[in-house]
Amino acid sequence: MHFSEYDTRLAGYAVIVNEAQEILLSWFNGGHDASHAVWTLPGGGVEFNEGIEEATVREVREETGFDAELIRPLTTHTFTETRRHAAYGEVTARPFKGVRVVYEARIVGGELGTLEIDGTTDRAEWLPLSALAQVRHARIIDIGLEAWRRVHAEA
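In this numbering scheme, every chain counts its residues from 1 along its sequence in written order. In keeping with the model being predicted, local features are shown solely for residues with a pLDDT of at least 70 and side-chain atom pairs are shown and tallied solely at 80 or more, while totals for entire chains, interfaces and linings include all residues. Processing note: side-chain calculations cover all non-hydrogen atoms of the structure and skip hydrogens and water entirely.

1. A closer look at the environment of F48
Move 1: What counts as a helix is a DSSP run of H or I of at least four residues, what counts as a strand is a run of E of at least two, and both are numbered from the N terminus. In this fold, F48 is placed in the loop between β4 (43-45) and α1 (52-64).
Move 2: Separated by 38 residues in the primary sequence, F48 and L10 have C-alpha atoms spaced 9.8 Å apart.

Have a look at this one:
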């Protein structure tokens, strides 16, 4: 399929792990469908006039209240859907491709608390890495943590 025949969404996400081995996560409220609510990495879509690094830092701030500094890209992840169910309920007739870049980041300021109003993020929390298996979470967390662990195992 030619790239002009489908919609693409570019997004940036951050893996932020503190010294206590806790990961900073955002609660995605499911948008139009609360049954899709899950913990996810802070991050999201890149606006038309911004770079991916700038967007990732902005999204971390909006979703968690923290100012972040990107350390390094960790991995990318791409997925496709034949029809896109967007966060607010609309369905697109065109096929969809999501392209996600995951960075390692650290906190450099701010304080915990989402700044997003009437959005898809209700709160942010530090969760122990050991607790992830017991909570409902998005696959992007596993993808990001796998890459993060690879980098830190090599160090």
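Structure's up, so let's keep going.
2. Overview of the pattern of salt bridges
Move 1: Criterion for a salt bridge: a side-chain nitrogen of Lys or Arg within 4 Å of a carboxyl oxygen of Asp or Glu. Overall, the coordinates contain 10 salt bridges when judged by the stated rule.
Move 2: The closest approach of N and O atoms between R58 and E62, which form a salt bridge, is 3.2 Å. Of this pair, R58 and E62 both sit in helix α1, 4 residues apart, which is roughly one turn of the helix.
Move 3: Residue R58 is classed as partly exposed on the basis of its relative accessible area, which comes to 21%.
Move 4: E62 gets classed as partly exposed once you look at its relative accessible area, which sits at 26%.
Move 5: Between R72 and E104 there is a salt bridge, with its nearest N and O atoms 2.2 Å apart. Three labels apply to residues, based on accessible area from a 1.4 Å probe with only protein chains included: buried if under 20% of the type maximum, exposed if over 50%, partly exposed otherwise in between.

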